[in-house]
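The residues making up each chain are set out below.
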Amino acid sequence: MSLLQHQEKLLIVKAKNGDIESFELLISAYQKRAFNIAYRVLGNIEDANDVTQEALIKVYKSIHNFKGNSSFSTWLYSIVNNACIDFIRKNKKVKLLYIDKQEEDGYQKEIPDEINTPECLFEKNEVKRMIHDAINQLNYEQRTIIVLRDIQGFSYQEIGEILNISEGTVKSRINRARNNLKILISETMKVTS
């Protein structure tokens with residue numbers, strides 16, 4: 001067991017006993033990724049903030065139920081996913097919109113100046129918008145699987161634990177979602193060309 005795993009287990013035990021500081025330390029490592037999942041699924045910063053906060057309150061209230069069968073992060077992300085599902089059910093009229101302002105990891109990639117011409121930047125933004133629009137057209141199940149795998153980079157096993165499905169189901173859903181995404185993007189490209 002690594003030092004980090006040992007520290008996490010200690011924080012979990014303390015949090016189960018009502019230590020708020022330990023709980024805050026425990027979730028601080030996962031809070032940004034939890035928000036990113038909610039944001040990518042819901043497409044709105046305010047909604048993602050609300051859902052993330054709601055999920056973290058659920059985690060705090062139910063931490064005594066955490067058995068350790070999966071990693072703490074997987075358990076937390078499954079609660080975030082369920083909070084997103086609940087939010088979408090309550091707000092079926094919500095129109096999804098994705099807006100990227102910086103790279104996912106917070107770092108800006110350095111690109112040679114000749115690539116950053118206004119035309120190239122416009123084209124990159126158009127491609128991003130087209131992909132996000134296509135993701136928005138997927139149903140919740142497919143959108144979630146694309147976000148977890150292709151945007152957040154979770155393994156098949158982690159996705160299975162988060163969504164409470166088998167790895168085989170994860171793989172087939174990813175395949176189906178990617179195929180539908182390709183169709184949606186190619187249809188958009190036909191319309192714009």
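Heads up: the structure comes first, above all this text.
Residues numbered from 1 in each chain as written. Predicted model: local features only at pLDDT ≥ 70, side-chain atom pairs only at ≥ 80, totals over all residues. Heavy atoms only, no water.

Here's the deal with the overall build of the protein
At step 1: Check the secondary structure of the protein and you find nine helices and zero strands.
At step 2: Of all 193 residues assigned to the protein, the portion counted as buried reaches 36%.
At step 3: Counting only contacts in the protein whose residues sit at least 6 apart along the sequence, the fraction spanning at least 24 positions is 67%.
At step 4: As presented, the protein carries roughly 12200 Å² of accessible surface, and 52% of it is formed by carbon and sulfur atoms. (Helix = DSSP H or I, 4+ residues; strand = E, 2+ residues; numbered from the N terminus. Buried < 20%, exposed > 50% of the residue type's maximum accessible area, 1.4 Å probe, protein only. Contact = heavy atoms within 4.5 Å. Areas by Shrake-Rupley, 256 points an atom, 1.4 Å probe, with all protein chains shown as cover.)

Focus on the nonpolar core
At step 1: Residues Phe72, Leu76, Tyr77, Val80, Cys84, Ile145 and Ile159 are the most contacted members of the largest nonpolar core, which totals 49 residues.
At step 2: Per-element tally for this core: the top contributor is helix α5 (residues 72-90), with nine residues.
At step 3: Setting aside residues up to four positions removed in sequence, cysteine 84 forms contacts with Ala38, Val41, Leu42, Val51 and Tyr140. (Core = buried A, V, L, I, M, F, W, Y, C linked by side-chain atoms within 4.5 Å.)

Some words on the packing of helix α3 (residues 31-42) against helix α4 (residues 45-62)
At step 1: Running from N to C, α3 and α4 point in directions that differ by 130°, and their axes come no closer than 8 Å. By the criterion of interaxial angle, the relationship of α3 to α4 is oblique. At the point where α3 passes α4, the crossing takes the right-handed sense. Listed contacts from α4 to Gln31, Ala34, Phe35, Ala38, Tyr39 and Leu42 of α3 are Ile45, Asp47, Ala48, Asn49, Val51, Thr52, Gln53 and Leu56.
At step 2: Its residues assigned to classes, the contact of α3 with α4 shows nine nonpolar, four polar and one charged. (Axes fitted to C-alpha atoms, helices over the stretch in contact; angles between N-to-C directions. Parallel < 35°, antiparallel > 145°, perpendicular 65-115°, else oblique. Left-handed = near helix turned anticlockwise from the far one by under 90°. Nonpolar A, V, L, I, M, F, W, Y, C, P; charged D, E, K, R; others polar.)

Quick look at the environment of methionine 189
At step 1: Assignment of secondary structure puts methionine 189 in helix α9 (residues 167-192).
At step 2: Sequence separation between methionine 189 and methionine 130 is 59 residues; the distance between their C-alpha atoms is 8.6 Å.

Points about the pattern of salt bridges
At step 1: A full pass over the atoms with the stated rule returns four salt bridges.
At step 2: Of the charged contacts in the structure, one is a salt bridge between glutamate 141 and arginine 173, with a shortest N-O distance of 3.5 Å. On the criterion of sequence distance, the pair formed by glutamate 141 in helix α7 (residues 140-151) and arginine 173 in helix α9 is long-range, its members being 32 residues apart.
At step 3: The structure contains a network of salt bridges with shared partners spanning Glu54, Lys58 and Asp86. (Salt bridge = Lys/Arg side-chain N within 4 Å of Asp/Glu carboxyl O.)

Here we look at unusual backbone geometry
Generally, phi is negative for residues other than glycine and the peptide bonds are trans, each holding for most cases.
At step 1: One non-glycine residue with positive phi stands out, namely asparagine 164, at about 60°.
At step 2: Mapped onto the secondary structure, asparagine 164 falls in the loop between α8 (156-163) and α9.

Brief notes about the packing of α5 against α7
At step 1: The geometry of α5 relative to α7 is characterised by a closest axis approach of 12 Å and an angle of 150° between their N-to-C directions. Taken together, the axes of α5 and α7 are roughly antiparallel relative to one another. Where α5 crosses over α7, the two elements pack in a sense that is right-handed. Across the interface between the two elements, Asn81, Cys84, Ile85 and Ile88 from α5 touch Tyr140, Arg143 and Thr144 from α7.
At step 2: Here the residues of the contact of α5 with α7 are counted per class, giving four nonpolar, two polar and one charged.

Section: the environment of arginine 40
At step 1: Looking at the element boundaries, arginine 40 is found in helix α3.
At step 2: Sequence spacing of arginine 40 and glutamine 152 is 112 residues, and the spatial spacing of their C-alpha atoms is 9.1 Å.

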